[in-house]
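# Understanding the architecture of this molecule
Below are the chains, spelled out letter by letter.
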Amino acid sequence: MKRKERVSCETCAFYIYDDEYGAYMCDMNMDEDDYVRIMSDRYYQCPYYRNGDEYAVVRKQM
């Protein structure tokens, strides 16, 4: 059985730049268990992932 690799956080809508820290970070309020699972298993799909590409729907309609 072929497992899909997780999608990149860089394309997620919750991946934002934080001026206070001076770095990009996830803006979703998740618990430690989810965070450890996401960081340790490269095949785990983030349950909070939302595509940040606002034009993806428009491209499908064309």
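Heads up: these notes are all about the structure in this document. Every residue gets a number counted from 1 within its own chain, in the order that chain's sequence is written. Only residues with pLDDT of at least 70 get local features here, since the model is predicted, and only at 80 or more are side-chain atom pairs given and counted; chain-wide, interface and lining totals rely on the full set of residues. For side-chain calculations, the full set of non-hydrogen atoms in the structure is used, while hydrogens and water are omitted.

## Some thoughts on a nonpolar patch on the surface
- Residues enter patches when they are more than 30% accessible in relative terms and free of salt bridges; like-charged ones are connected within 9 Å and nonpolar ones (Val, Leu, Ile, Met, Phe, Trp, Tyr) within 5 Å. Note that accessible areas follow from Shrake-Rupley with a 1.4 Å probe, and for residues the cover is restricted to the protein chains shown. For this analysis, a salt bridge means a side-chain nitrogen from Lys or Arg found within 4 Å of a carboxyl oxygen belonging to Asp or Glu. Where nonpolar side chains cluster on the molecular surface, the patch consists of Tyr35, Val36 and Met39 and spans about 320 Å² of accessible area.
- The helix and strand labels rest on DSSP assignments: H or I over at least four residues marks a helix, E over at least two residues marks a strand, and numbering proceeds from the N terminus. Mapped onto the elements of the fold, Tyr35 is located in helix α1 (residues 32–40).
- Buried residues are those whose accessible area, probed at 1.4 Å on protein chains only, stays under 20% of the maximum for their type, while exposed residues exceed 50% and partly exposed ones sit between those limits. You can call Tyr35 partly exposed: its relative accessible area is 47%.

## Details of the pairing of strand β2 (residues 23–26)
- At least two bridges found by DSSP between two strands are what make those strands a pair. Across four bridges, strand β1 (residues 15–18) lies against β2 in antiparallel orientation. Paired with Ile16 across the two strands is Met25, which belongs to β2.
- Taken together, β1 and the strand that follows it, β2, pair antiparallel across an intervening segment of four residues, in which Gly22 is found at a positive phi of about 70 degrees.

## Some thoughts on the packing of aromatic side chains
- The aromatic pairing rule takes the rings of Phe, Tyr and Trp, using the six-membered ring of Trp, and pairs them if the centres are within 6.5 Å, calling planes under 30 degrees apart stacked, those over 60 edge-to-face and the rest tilted. Scanning the entire structure with this criterion turns up two aromatic pairs.
- Aromatic pair Tyr15 and Tyr24: ring centres 5.6 Å apart, planes at 15 degrees, arrangement stacked.
- On the basis of relative accessibility, which here comes to 28%, the residue Tyr15 falls in the partly exposed class.
- The exposure class of Tyr24 is exposed, given its relative accessible area of 53%.
- A ring pair is formed by Tyr17 and Tyr24, whose centres lie 5.1 Å apart and whose planes are at 70 degrees; its orientation type is edge-to-face.
- Taking relative accessible area as the criterion, Tyr17 reaches 42% and is therefore assigned partly exposed.
- Aromatic ring contacts, followed pair by pair, group Tyr15, Tyr17 and Tyr24 into a single cluster.

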